[in-house]
Amino acid sequence: MRTRRIGPWQVGSVGLGAMHLSSRPDRPAHADAAATMHAALDAGVTVVDTADVYCHDDTEIGHNERLVADALRTWSGDAGEVLVATKGGLARPGGGWDFCGRPEHLHAAARASARALGVEAIGLYQLHWPDPSVPYAESVGALAELVDAGVVRTVGVSNVDVAKLDTAAGVLGDRLVSVQNPFSVEDRWGEPMLRRAEELGLAFLPYTPLAGVAGDGARALATREVAAELGVSPQRAALAWLLAHSPAVVAIPGSTRPESIRDSAAAADLDLSAEQVRRIDDAPADPARPTTFAH
Ligand SMILES: NC(=O)c1ccc[n+]([C@@H]2O[C@H](COP(=O)([O-])OP(=O)(O)OC[C@H]3O[C@@H](n4cnc5c(N)ncnc54)[C@H](OP(=O)(O)O)[C@@H]3O)[C@@H](O)[C@H]2O)c1
């Protein structure tokens, strides 16, 4: 698989978003989830995105991290090559979602994530969401302390606008290596954050990278047309477009089935022609899609 950089790591340009292996009400059984993880790793995936809150509620925080750790332990390949990117800064009271960006929470959460992952230091620790009740500089300041204390090696931010990204870059310096925001063929309102990530030399991990691909928007239709020309799935073409869109992109499509991550992983080695990229670029936005964060 072709690779890209996230800070000090050279990783496959298509990773695995592990969220739905734990978050979905009808999540797969443990053995099936492990089979999906193993299929991803066998296909060359070397970055896995998880979070402490990928679970059903607060009683099982770390569910997805433990699943990822277990799948890495039982995989026949070299798990040392795999970057696990986790997140802290949210809570799941009663199954809902709540902000939790206080420094003391982040200090405890990162240590709990390291235990769940079975590692001494977390490779990439991402602040999941800005907490509106905590100055952003204070939350990211806690992440700087976590790097300096050896609990995490590098830091990412998520769900940020350009101002918050700049605040994080100012506080974290070269400890900051990535930004994770929504971005897909249909949902491109994250473009300013993507371009700022490029300027700062950060990796950009588009989340929900397949959003809208199966819909009726003009961009989805253009993607499906290109996919048909290439004889590949619309999802693979959509991921290849994301990779062509910016050299900072490392895609993290979600999968609960081995078949879908195998298909998505092949996007890393799929080239669209310049004309095909332009056709998807130039298709108009679907007026029915959100133009900013849905939350
Ligand atoms: N930072 C944040 O706040 C945040 C928020 C949301 C998500 N994320 C991260 O982003 C990751 C991806 O987002 P997501 O999983 O919600 O959405 P997504 O990647 O856009 O879509 C996942 C869906 O696409 C299907 N799929 C994937 N590859 C496919 C293929 N090649 N062919 C056909 N279907 C395919 C999957 O099917 P199957 O399930 O059937 O395999 C699943 O239903 C998450 O897992 C999580 O790690 C982060």
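Residues numbered from 1 in each chain as written. Predicted model: local features only at pLDDT ≥ 70, side-chain atom pairs only at ≥ 80, totals over all residues. Heavy atoms only, no water.

## A closer look at the packing of aromatic side chains
Okay, step 1: Within the structure shown, the criterion is met by three aromatic pairs.
Okay, step 2: Judged by centre distance (6.2 Å) and plane angle (65 degrees), the rings of Phe99 and Trp129 are edge-to-face. Here Phe99, found in strand 7 (residues 98-99), pairs with Trp129, found in the loop between strand 8 (122-127) and helix 5 (136-148); they are 30 residues apart in sequence, far enough to count as distant.
Okay, step 3: Note on Phe99: relative accessible area 38%, which makes it partly exposed.
Okay, step 4: A ring pair is formed by Phe183 and Trp241, whose centres lie 6.4 Å apart and whose planes are at 5 degrees; its orientation type is stacked. Taken as a pair, Phe183 in the loop between strand 10 (176-182) and helix 7 (191-200) and Trp241 in helix 9 (residues 234-245) lie far apart in primary sequence, 58 residues in all. For the pair Phe183 and Trp241, a shared accessibility class is recorded, and that class is buried.
Okay, step 5: Aromatic rings pair up to connect Phe183, Phe204 and Trp241 into one cluster. (Phe/Tyr/Trp six-rings, centres within 6.5 Å; stacked < 30°, edge-to-face > 60°. Helix = DSSP H or I, 4+ residues; strand = E, 2+ residues; numbered from the N terminus. Buried < 20%, exposed > 50% of the residue type's maximum accessible area, 1.4 Å probe, protein only.)

## Observations concerning the pattern of salt bridges
Where charged atoms from two side chains of opposite charge approach closely, those side chains can pair.
Okay, step 1: One pass over the full model with this rule turns up 18 salt bridges.
Okay, step 2: Here Arg24 ties to Asp26 by a salt bridge, and the two come within 3.0 Å at their closest N and O atoms.
Okay, step 3: The class for Arg24 is partly exposed, based on a relative accessible area of 30%.
Okay, step 4: The class of Asp26 is exposed, set by a relative accessible area of 52%.
Okay, step 5: The partner of Arg257 in a salt bridge is Glu259, and the shortest N-O contact between them spans 4.0 Å. (Salt bridge = Lys/Arg side-chain N within 4 Å of Asp/Glu carboxyl O.)

## Notes on the site of the ligand
Okay, step 1: Taken together, 28 residues form the shell around the ligand, and within it Asp49, Gly254, Thr256, Arg257 and Ser260 come nearest.
Okay, step 2: His128 is positioned such that a nitrogen or oxygen atom in its side chain is 3.4 Å from an oxygen atom of the ligand.
Okay, step 3: Within the side chain of Thr256, a nitrogen or oxygen atom sits 2.6 Å from an oxygen atom of the ligand.
Okay, step 4: For the ligand, the accessible surface in isolation is 910 Å², of which the surrounding protein chains cover 83%.
Okay, step 5: At three residues, helix 10 (residues 258-265) tops the list of elements feeding residues into the shell around the ligand.
Okay, step 6: Tallied by class, residues from the shell around the ligand come to 10 nonpolar, 13 polar and five charged. (Near = heavy atom within 4 Å. Polar contact = N/O pair within 3.5 Å; in protein donor to acceptor, adjacent residues only side chain to side chain. Areas by Shrake-Rupley, 256 points an atom, 1.4 Å probe, with all protein chains shown as cover. Nonpolar A, V, L, I, M, F, W, Y, C, P; charged D, E, K, R; others polar.)

## Considerations on the pairing of strand 8
Okay, step 1: Along strand 8, six of the six residues are buried, which leaves the element largely enclosed by surrounding structure.
Okay, step 2: Across four bridges, strand 5 (residues 83-88) lies against strand 8 in parallel orientation. Each bridged residue has a counterpart across the sheet, and for Thr86 the counterpart in strand 8 is Tyr125.
Okay, step 3: Between the parallel elements strand 8 and strand 9 (residues 152-158), the chain passes through helix 5 in a crossover that is right-handed. (Pairing = 2+ DSSP bridges. Right-handed = clockwise from strand over helix to strand, strands pointing away.)

## Here we look at the packing of helix 8 (residues 218-230) against helix 9
Okay, step 1: Interaxial distance between helix 8 and helix 9 falls to 8 Å at its minimum, and their mutual angle equals 105 degrees. For the element pair helix 8 / helix 9, the angle class is roughly perpendicular. Only Pro234, Ala237 and Ala238 of helix 9 make contact with helix 8, whose side of the interface consists of Thr223, Arg224 and Ala227.
Okay, step 2: Each residue belonging to the contact of helix 8 with helix 9 can be placed in one class, and the counts come to four nonpolar, one polar and one charged. (Axes fitted to C-alpha atoms, helices over the stretch in contact; angles between N-to-C directions. Parallel < 35°, antiparallel > 145°, perpendicular 65-115°, else oblique. Contact = heavy atoms within 4.5 Å.)

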